[in-house]
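# Working through the structure, step by step
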Amino acid sequence: MKSDELYSKAKTLMPGGVNSPVRAYKSVGRTPLFIHHAKGSKIYDVDGIEYIDYVCSWGPMILGHAHEKVLNEVKKACDFGLSFGAPTSRENELAELIINNIPSIENVRLVNSGTEAVMSAVRVARGYTGRDKIIKFRGCYHGHSDGMLVKAGSGALTGSRPDSAGVPYDYAKNTFIAEYNDQSSVSRLFEENKDEIACVIVEPVAANMGVVLPEKNFLEFLREITTANGALLIFDEVITGFRLALGGAQEYYKVHPDLTTLGKIVGGGMPLAAYGGRKDIMKVVAPVGDVYQAGTLSGNPVATAAGLTMLRLLVEEKEKGLYEKLEEKGNRIATTIRSIFGQSVWVNQVGSLLSVFFTDVPVKDYESALTADTQKYARYFNAMLDNGIYLAPSQFEAMFVSAAHSDDDIEKTIDALKVVSKQI
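Residues numbered from 1 in each chain as written. Predicted model: local features only at pLDDT ≥ 70, side-chain atom pairs only at ≥ 80, totals over all residues. Heavy atoms only, no water.

### Section: the overall build of the protein
To be explicit about the condition: Only DSSP runs of H or I reaching four residues or more are called helices, and only runs of E reaching two or more are called strands; each is numbered from the N terminus. When we talk radius of gyration, it's over C-alpha atoms, and the globule rule is simply 2.2 Å times the number of residues to the 0.38. Contacts are assigned to residue pairs with any non-hydrogen atoms lying within 4.5 Å of each other. Surface accessibility in these figures is a Shrake-Rupley result with a 1.4 Å probe; residues are shielded only by whichever protein chains are displayed. For the charge count, each Lys or Arg is scored as positive and each Asp or Glu as negative, with His and the chain ends excluded. Working definition for charges: the position is that of NZ of Lys, CZ of Arg, CG of Asp or CD of Glu.
When its secondary structure is counted, the protein shows 14 helices and 14 strands. Its C-alpha atoms give the protein a radius of gyration of 21 Å, near enough to 22 Å, the size a compact globule of 424 residues would have. When its C-alpha atoms are laid out on the principal axes, the protein stretches across 55 × 55 × 50 Å. A separation of at least 24 residues holds for 71% of the contacts in the protein among residues at least 6 apart in sequence. Within the structure as shown, the protein displays about 18000 Å² of accessible surface, and the carbon and sulfur contribution to it stands at 50%. Of the side-chain charges in the protein, 45 are positive and 51 negative, and the distance between the mean point of each set is 2 Å.

As structure tokens, then:
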């Protein structure tokens, strides 16, 4: 297999042979597939094998791979140059689209990755409030900047340690950990650190310990307690932004944060992310204010071409019922998995995001997510892959449904689920 040969070579060149840990397939005991190309709902490895793809580049491909209109605009942009390190009109257009569609954003700054967006938003919160301490939730992942790698989710949950080596204690000590969906854990931290909390950062729908939905009134509670204590509320919508609704989880749940981070879909498949919020808060960012953040490739003309085209397409498709159709597809897959596997699984689903946990415990937080049988997930993953279905190679990741997934794709997925349920 060409993937085996390429991986053997890659391991001599890169740590673990990959440029992002989960790609190494360590938690599923398999050599990773090397991908040659993708189109629509399908992905093709270097041996030419076709798979129905439910990773979708970890979320950006909400309209499917290699969308013709996005590719055409990227190609046009390339003809004018790859990078200028100077302002372009397309940055204005993309910023305006973001502001017009994300309810809480009045001012926005473009960056290159979700990690950079979160790192910057937290710095803004600290600069605005004059406070150092922050609250995050166990199992939520907000990128790999130092202060965020404390009880992190996603690939860190299936690695050898949940916290990263190389993070100084003196830095991480300002990050407090609360329990997702546990209001009392948040209240206690505010009580113990009165007037010291700069912000609470949360994935409004946790998607890096597997998909975990916010319980009733949890997001509303976070909005109220931060306001009451002079702290900012940051929604990390790197995954949920433009996916649950055009306005993200904050539109879906009707709770508006002070700051929002965006990634994945906002770049249309290119390296682009953003953070933004109220104008009075964003005024602390240089060159207007004293909070410094910069980037040579921020607002890159090729990336903005992809992002702008993607968001324009989503605005058009929303009017045609895009998000209702995605919800229907996600619900159909989730309902089918429950019916096939019965009480041996717990499935969380909202819109086009879902996760299958091999546990009979309701998954509502980090502790319950960890009850999942990761060895059984590994068998499930491998069996599904052998049946032509490409899923996340980790129990603690999301399954992404796209507009490109046809009824035939879903029927083939259901057929594979029926076969696999008897094999594992």
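On we go.
### Some points on the sheet that holds strand β8 (residues 232-237)
The test is simple: In this analysis, strands are considered paired if DSSP registers two or more bridges between them. Lines fitted to C-alpha atoms define the axes here, with helix axes fitted over just the stretch in contact, and angles between the N-to-C directions of these axes take values from 0 to 180 degrees.
Strand order in the open sheet formed by 7 strands is β4-β10-β9-β8-β7-β5-β6, with mixed pairing between adjacent strands. Across the chains shown, the open sheet's two edge strands, defined by having one partner strand only, are β4 (107-111) and β6 (175-178). This sheet shows a mean twist of 20° between the axes of neighbouring strands, independent of strand direction. As paired strands, β8 and strand β9 (residues 259-262) are joined by 4 bridges and run parallel to one another. Counted as the bridge partner of E237 is L262 from β9. Across the face of the sheet, helix α6 (residues 183-192) comes into contact with β5 (133-137), β6 and β7 (197-202) while running at roughly 150° to β6.

### Some words on the layout of surface pockets
Stated formally: Cavities and pockets are defined on a 1 Å grid built over the protein atoms alone: a cavity is a set of grid points where a 1.4 Å probe fits but cannot escape, while a pocket is an open set with protein on both sides within 12 Å along at least five of seven lines, and lining residues are those with an atom within 4 Å of any such point. Grid points are joined across faces, edges and corners, and a volume is the space filled by probe spheres set on the points. For this classification, Asp, Glu, Lys and Arg are treated as charged, while Ala, Val, Leu, Ile, Met, Phe, Trp, Tyr, Cys and Pro are nonpolar and the rest, including Gly, are polar.
Here the second largest pocket is characterised by a volume of approximately 510 Å³. What lines the second largest pocket is a set of 20 residues, and nearest its centre among them are R23, L33, I35, W58 and Y390. Class assignment for the residues of the lining of the second largest pocket results in 14 nonpolar, 4 polar and 2 charged.

### Points about the packing of aromatic side chains
For clarity, the threshold we go by: What counts as a ring pair is set by centres within 6.5 Å for rings of Phe, Tyr and Trp (its six-membered ring), and what kind of pair is set by the plane angle: stacked under 30 degrees, edge-to-face over 60, tilted for all other angles. Here the term buried applies to any residue with accessible area under 20% of the maximum for its type, exposed to any over 50%, and partly exposed to those in between, with areas from a 1.4 Å probe on protein chains only.
In total, this model carries 11 aromatic pairs according to the counting rule given. Ring centres 5.4 Å apart and planes at 85° place the aromatic pair Y25 and F381 in the edge-to-face group. With Y25 in the loop between α1 (2-10) and β1 (35-39) and F381 in helix α13 (residues 374-386), this pair connects stretches of sequence that are 356 residues apart. Under the relative-accessibility criterion, Y25 is labelled buried at 3%.

### Regarding helix α4 (residues 114-129)
What counts here: By definition here, a helix of n residues has an expected span of 1.5 Å times n minus one.
Taking 1.5 Å as the rise per residue, α4 with 16 residues should run 22 Å; its terminal C-alpha atoms sit 22 Å apart, in good agreement. α4 sits mainly inside the fold: 12 of its 16 residues count as buried. Backbone geometry just downstream of α4 places G130 in the positive-phi region, at approximately 75°.

### Some details on the pattern of salt bridges
Note the threshold: A pair is scored as a salt bridge if a Lys or Arg side-chain nitrogen falls within 4 Å of a carboxyl oxygen belonging to Asp or Glu.
With the rule as written, the count across this model stands at 15 salt bridges. With a shortest N-O distance of 3.1 Å, K133 and E196 are connected by a salt bridge. With K133 in strand β5 and E196 in the loop between α6 and β7, this pair connects stretches of sequence that are 63 residues apart. According to the relative accessible area criterion, K133 is buried, its value standing at 18%. Using a relative accessible area of 33% as the deciding quantity, one classes E196 as partly exposed. The salt bridge involving D258 is made with R278; its shortest N-O contact spans 2.7 Å.

### Focus: the sheet that holds strand β2 (residues 42-45)
What the 4 strands build is an open sheet, ordered β1-β2-β3-β13; its pairing is mixed. Looking at which strands have only one partner, the edges of the open sheet turn out to be β1 and β13 (389-390). Across 3 bridges, the pairing between β2 and strand β3 (residues 50-53) is antiparallel. Across the sheet, residue I43 finds its bridge partner in β3, namely Y51.

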